[in-house]
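# Close look at the chain arrangement
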Amino acid sequence: QVQLVESGGGWVQAGGSLRLSCAASVSILRFNDMDWYRQVPGKQRELVATITLGGRPTYDDSVKGRFTISRDNAQNTVYLQMNSLKPEDTAVYYCHTYSRYRATDYWGQGTQVTVSS
């Protein structure tokens, strides 16, 4: 059973920083990509950042230059460093991955990030 557990969310003022962590219960080397999504009430969940097995990151335009995704394969953990936070970054942030072998999506329980103006 694959479990993803996020941590690091909280409240911060605009311009501040937070670092989210996603700890996996299995080796993340099993998965090609690891992602961070976010969702606000009444809206669809949106992809924020992806990191490949080889460590190549991609970002949504709204967070480019402010967020950095990274992965520590030895610790089975994925991080999202969020700098210069804006009120519009307020959302529940979810860790995600997909197993091609099992054709299954895995999601964490989410962590709330609130940015005040």
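Everything discussed here concerns the structure shown above.
Quick look at the structure, then. Residue positions within a chain follow its written sequence, with the count starting from 1. It should be noted that, the model being predicted, local features are given only for residues of pLDDT at least 70 and side-chain atom pairs only at 80 or more, the latter also being counted only at that level, while totals for whole chains, interfaces and linings use all residues. By convention in this description, side-chain values take in all heavy atoms of the structure and omit both hydrogens and water.

### Observations regarding the pairing of strand E8 (residues 77-82)
Within E8, five of the six residues are buried, which leaves it mostly tucked inside the rest of the structure. Note on pairing: two strands pair once DSSP finds at least 2 bridges between them. We count a stretch as a helix when DSSP gives it H or I for four or more residues in a row; a strand needs E for two or more, and each element gets its number in order from the N terminus. Pairing geometry for strand E3 (residues 18-24) and E8, over six bridges, is antiparallel. Within E8, the position partnered with Ser-21 by the bridge is Tyr-79. With six bridges joining them, strand E7 (residues 67-72) and E8 adopt antiparallel strand pairing. Note that in E8 the partner of Phe-67 across the bridge is Met-82. A simple rule labels every residue: compare its accessible area, found with a 1.4 Å probe on the protein chains alone, to the largest value its type can have, and call it buried under 20%, exposed over 50%, or partly exposed in between.

### Overview of the pattern of salt bridges
Should a side-chain nitrogen of Lys or Arg be within 4 Å of a carboxyl oxygen of Asp or Glu, the pair is scored as a salt bridge. In total, this model carries four salt bridges according to the counting rule given. Asp-89 serves as the salt-bridge partner of Arg-38, at 2.9 Å between the closest nitrogen and oxygen. A residue pair is termed long-range when its members are at least 10 positions apart, and Arg-38 in strand E4 (residues 33-39) and Asp-89 in the loop between E8 and strand E9 (91-99) qualify at 51 residues. We classify Asp-89 as buried; its relative accessible area is 0%. Residues Arg-66 and Asp-89 are paired through a salt bridge, measuring 2.7 Å at the closest nitrogen-oxygen approach. Here Asp-89 lies in the loop between E8 and E9 and Arg-66 lies in the loop between strand E6 (57-59) and E7, a separation of 23 residues in the sequence. Across this residue pair, the class does not change: Arg-66 and Asp-89 are buried.

### A few points about the sheet that holds strand E1 (residues 4-7)
In spatial order, the strands read E1-E3-E8-E7; together these four strands make up an open sheet with antiparallel pairing. Strands at the two margins of the open sheet, each flanked by one partner only, are E1 and E7. Within the sheet, the average angular offset between the axes of one strand and its neighbour, ignoring direction, is 15 degrees. An axis is simply a line fitted to the C-alpha atoms; with a helix, the fit covers only the stretch in contact. Between two such axes, the angle follows the N-to-C directions and lies from 0 to 180 degrees.

### Things to note about the packing of aromatic side chains
In this scheme Phe, Tyr and Trp rings, the latter by its six-membered ring, pair at centre separations within 6.5 Å, and the angle between planes marks the pair as stacked below 30 degrees, edge-to-face above 60, and tilted otherwise. Throughout the structure, instances matching the rule amount to three aromatic pairs. Ring geometry for Tyr-37 versus Trp-107: centroids 4.9 Å apart, planes at 65 degrees, classification edge-to-face. Within this pair, whereas Tyr-37 is found in strand E4, its partner Trp-107 is found in strand E10 (residues 104-107), the two being separated by 70 residues in sequence. Overall, the relative accessible area of 36% leaves Trp-107 in the partly exposed class. Following the ring pairs from residue to residue traces out a cluster consisting of Tyr-37, Tyr-94 and Trp-107. Residue placement shows Arg-19 over the ring face of Tyr-79; its charged tip is 3.9 Å from the ring centre. Whether a charge sits over a ring depends on NZ of Lys or CZ of Arg being within 6 Å of the ring centre and within 35 degrees of the ring normal. One Lys or Arg, Arg-45, reaches over the ring of Tyr-94 and ends 3.7 Å from the middle of that ring.

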